[in-house]
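# Per-entry structural report
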Amino acid sequence: MNKSRKPVQRNFSTTTDDRPLTLPQSKSRRHVMATAPCKSGDGDTLAPLLILSAGACSVGRSGVQLGNASMSLPRRQWVRGRRQLFQSLTEGCACHWAFEFVSFGSANVSHQRVARQRMKSRVLISIAVLCITGLTAVVELQAADTAWRAAAAATVITPEQPMWMAGYAARDKPSEGKVQDLFVKVLAIEDAAGQRVVIVTSDLIGIPRALRESVAASVTERHGIPPQSLLLNASHTHCGPELRADRAPISGESGDRVRQAEDYLRSLEQKILSTIATALDQLAPAKLEYCHARCGFAMNRRLPQDGTYQNSPNPEGPVDHAVPVLVVPNAAGELQSLLFGYACHNTTLGFFQFCGDYAGYAQEFLEADHPGITAFFLMGCGGDQNPYPRSKLELAQQHGRTLANSVEAALQTPPRPLTGALRSAMQTVTLDFATPPSREELLQQKVSDNQYERRHAEVLLAELDSTGSIRAQYDYPVQALRFGDDLLMVALAGEVVVDYSLKLKESLDAPIVWIAGYSNDVFGYVPSLRVLREGGYEAGGAFMYSRFPGPFADSVEERILKTVDATVAEVFNERAAGFTPAGGR
Ligand SMILES: [Zn+2]
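A brief structural summary. (Residues numbered from 1 in each chain as written. Predicted model: local features only at pLDDT ≥ 70, side-chain atom pairs only at ≥ 80, totals over all residues. Heavy atoms only, no water.)

### Looking at the overall build of the protein chain
Across its full length, the protein chain holds 12 helices and 27 strands. Among the 585 residues that make up the protein chain, the fraction classed as buried is 56%. Partitioning the contacts of the protein chain with sequence separation of at least 6, the portion at a separation of at least 24 is 77%. Roughly 23,500 Å² of accessible area belongs to the protein chain as shown, and the carbon and sulfur atoms make up 50% of that amount. (Helix = DSSP H or I, 4+ residues; strand = E, 2+ residues; numbered from the N terminus. Buried < 20%, exposed > 50% of the residue type's maximum accessible area, 1.4 Å probe, protein only. Contact = heavy atoms within 4.5 Å. Areas by Shrake-Rupley, 256 points an atom, 1.4 Å probe, with all protein chains shown as cover.)

### Considerations on the coordination of the zinc ion
Around the zinc ion, the protein contributes the donor atoms His236 (NE2), His345 (NE2), Glu495 (OE) and Tyr525 (OH), which lie 2.0 to 2.6 Å from the metal centre. Considering all 4 donor atoms around the zinc ion, the spread of angles at the metal, 83 to 174°, places the coordination shape in the irregular class. Sequence positions of the donors to the zinc ion reduce to the motif H-x108-H-x149-E-x29-Y. One end of the pair, Glu495, is in strand β25 (residues 495-496); the other, Tyr525, is in strand β27 (residues 525-526), and 30 residues separate them in sequence. Judged by its relative accessible area of 8%, Glu495 falls in the buried class. (Donors = N, O, S within 2.8 Å, 3.2 Å for Na, K, Ca; no water. Tetrahedral: all angles 85-135°; square planar, octahedral: opposite > 155°, others 65-115°.)

### Quick word on unusual backbone geometry
Here the residue pair Tyr388 and Pro389 is connected by a cis peptide bond, since its omega of -5° sits within 30 degrees of zero. By the element assignment, Pro389 lies in the loop between β20 (385-387) and α6 (393-411). Phi at Asp306 is positive, roughly 55°, even though this residue is not glycine. Even without glycine at this site, Asn520 takes up a positive phi of about 70°. With respect to the helices, strands and loops of the structure, Asn520 is situated in the loop between β26 (512-516) and β27.

### Let's talk about the packing of helix α9 (residues 498-507) against helix α11 (residues 556-571)
Two numbers describe how α9 lies on α11: the axes approach to 12 Å, and their chain directions differ by 40°. Relative to α11, the element α9 is oriented oblique. For α9 against α11, the interelement crossing comes out right-handed. Taking contact as the criterion, the partners of Tyr500, Lys503 and Leu504 in α9 are, on α11, Val556, Glu557, Ile560, Leu561 and Val564. Of the residues that constitute the contact of α9 with α11, the class distribution is 6 nonpolar, no polar and 2 charged. (Axes fitted to C-alpha atoms, helices over the stretch in contact; angles between N-to-C directions. Parallel < 35°, antiparallel > 145°, perpendicular 65-115°, else oblique. Left-handed = near helix turned anticlockwise from the far one by under 90°. Nonpolar A, V, L, I, M, F, W, Y, C, P; charged D, E, K, R; others polar.)

### Comments concerning the packing of aromatic side chains
A complete count under the given rule lists 20 aromatic pairs for this structure. Between the aromatic rings of Phe297 and Tyr358, the centroid separation amounts to 4.9 Å while the plane-to-plane angle is 70°, which identifies the pairing as edge-to-face. Of this pair, Phe297 sits in the loop between β13 (289-294) and β14 (298-300) while Tyr358 sits in helix α5 (residues 357-369), and the two are 61 residues apart along the sequence. In this structure Phe297 comes out as buried when scored by relative accessible area, which is 7%. We classify Tyr358 as buried; its relative accessible area is 0%. Ring centres of Tyr452 and Tyr545 lie 5.0 Å apart, and the angle between their planes is 65°; this geometry places the pair in the edge-to-face category. Here the residue Tyr452 occupies a position in helix α8 (residues 451-467), and Tyr545 occupies one in the loop between α10 (529-534) and α11, the gap between them amounting to 93 residues. (Phe/Tyr/Trp six-rings, centres within 6.5 Å; stacked < 30°, edge-to-face > 60°.)

### Structural notes on the nonpolar core
Within the largest apolar cluster, 67 residues are counted, with the highest numbers of intra-cluster contacts made by Ile276, Phe340, Tyr342 and Leu403. By residue number, the principal contributor to this core is helix α4 (residues 255-281), which donates 7 residues. Counting 35 residues, the second largest nonpolar core, distinct from the first, contains Ala480, Val490, Leu492 and Ala510. (Core = buried A, V, L, I, M, F, W, Y, C linked by side-chain atoms within 4.5 Å.)

### Here's the deal with the side chain of Thr275
Secondary-structure assignment places Thr275 in helix α4. Among the residues examined, Thr275 registers a relative accessible area of 1% and is labelled buried. Separated by 2.5 Å, the side chain of Thr275 and the backbone oxygen of Lys271 make a polar contact. If near-sequence neighbours (up to four positions away) are discounted, Thr275 is found in contact with Ala153, Ala154, Thr155, Val184 and Val186. (Polar contact = N/O pair within 3.5 Å; in protein donor to acceptor, adjacent residues only side chain to side chain.)

### Side note on the sheet that holds strand β18 (residues 335-342)
Strands pair in a sheet through their backbones, by hydrogen bonds, and they do so in one of two ways: parallel or antiparallel. Taking strand neighbours across the sheet as the criterion, the 5 strands line up as β19-β18-β17-β13-β21 in an open arrangement whose pairing is mixed. The outermost strands of the open sheet, each flanked by one partner alone, are β19 (374-379) and β21 (416-417). The sheet contact formed by strand β17 (residues 322-329) and β18 spans 5 bridges and is antiparallel. For Val327, the partnering residue across the bridge sits in β18 and is Leu338. (Pairing = 2+ DSSP bridges.)

Right under this line is the structure:
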């Protein structure tokens, strides 16, 4: 029995024979059935797992993944059995287990020494189980695999005129051309029942809340797609246009800058809506698959120094190097779209030319290497992560190539077909800010030597004068999307630090968990309790450049995680999610 904790792919050992069983690597449709009668430690026998596979199996973080689905068991039973099987394979748990593969059709199990008699009896038993619980599942599985429809569309959003750029408060002049176009891209996906999800990615600093709300209202009105099924994500490139009109006065610019941002935002909204309409018009039969790899250029950027945290590379700090990839082939199996994620600021560059930074180059390289496809970058929880080294165009291109290569590496692993339904949910949680500064403190800050402190004090004093108080709370949106039975995507608002993705990938009970940040409302940094208590830029210092009063209260992390749990529960509870067949049309 293999007791190694190392990831195992396609090779399993049994308690009765220590030689590995190897499943075929072909991507063609092959149905492999595995039965795994497991007993828990107290002797309670679990029902046999019946797993209908697309031909590949692997041991993942949260369990043994055998192809794409267990169609015949309630989810709780499936999760329990799978977890037990995983423990058996990786930790040598005390429970008795047996594990056999039986091939059907053209599939071959290359275990030459499996006794013929034993195989026969297993086939008979397995066929009996199949007849009882799984025959219809085979039919459903085959149908579900091609039951998706998907389409991609993209529109250039590079400003046509020079305009002020986002990302660095110290910028002192408008843009000077481009080295690369910026895009808004739309991936539309529809399940067999007509439920649809629209994912919008963008080479932008962020998604203003007002933009998200306006686009969501139009998408509901025009296409009947509810707001919870619309995800807007920004790559957070620091070489994009400043589209946040409310940032302009903080940086001490003229009204022209505000008007520029408002004009750009109006045109951007129309481009997003037309790109969504184009994608929805082009929905065509497709498959969904998942794979993943790793990529290493992101490093934690919070370095403890002189009693605080400096923005410098910290090789000891937490990182999330995962590169999750959603692969969308058409019905014939030809690649159409790649959606990939990474948790790292797009801050290799800080010059005055428009550019998507490493994420822009990763998408560009993938689209060049796979002519005709659309590559999408989905920003992860990279609030405290920077690409290193930085500051040269060549480095942004190198990081882009590195990330594109990671996606290519993921594509060389056995794809995991996704089957089942689309589900989506969205909840809002109210976050408290810490106690804001008093008027006296603000008056002192107003004469600070630091120009940003002075302007922040002026903004808060103006708010105090006009409303009688300073904002004390923020309504924070949390979104959950479920792609079939296996892939759960959580989209968090704001510049979320990496602790959130690391914690949620451990705590959420789903076969595949993908955490996106910078989604739906990118208003500022979202620290974990750890980062909040450590202090520094991401803990609240960055609010100096915004209209927000200052750091969040200590409850920030707990409230967000609880809301994620509640939102995720919705997508696993169809009645709570309020879906009816074809209700998304
Ligand atoms: Zn940032």
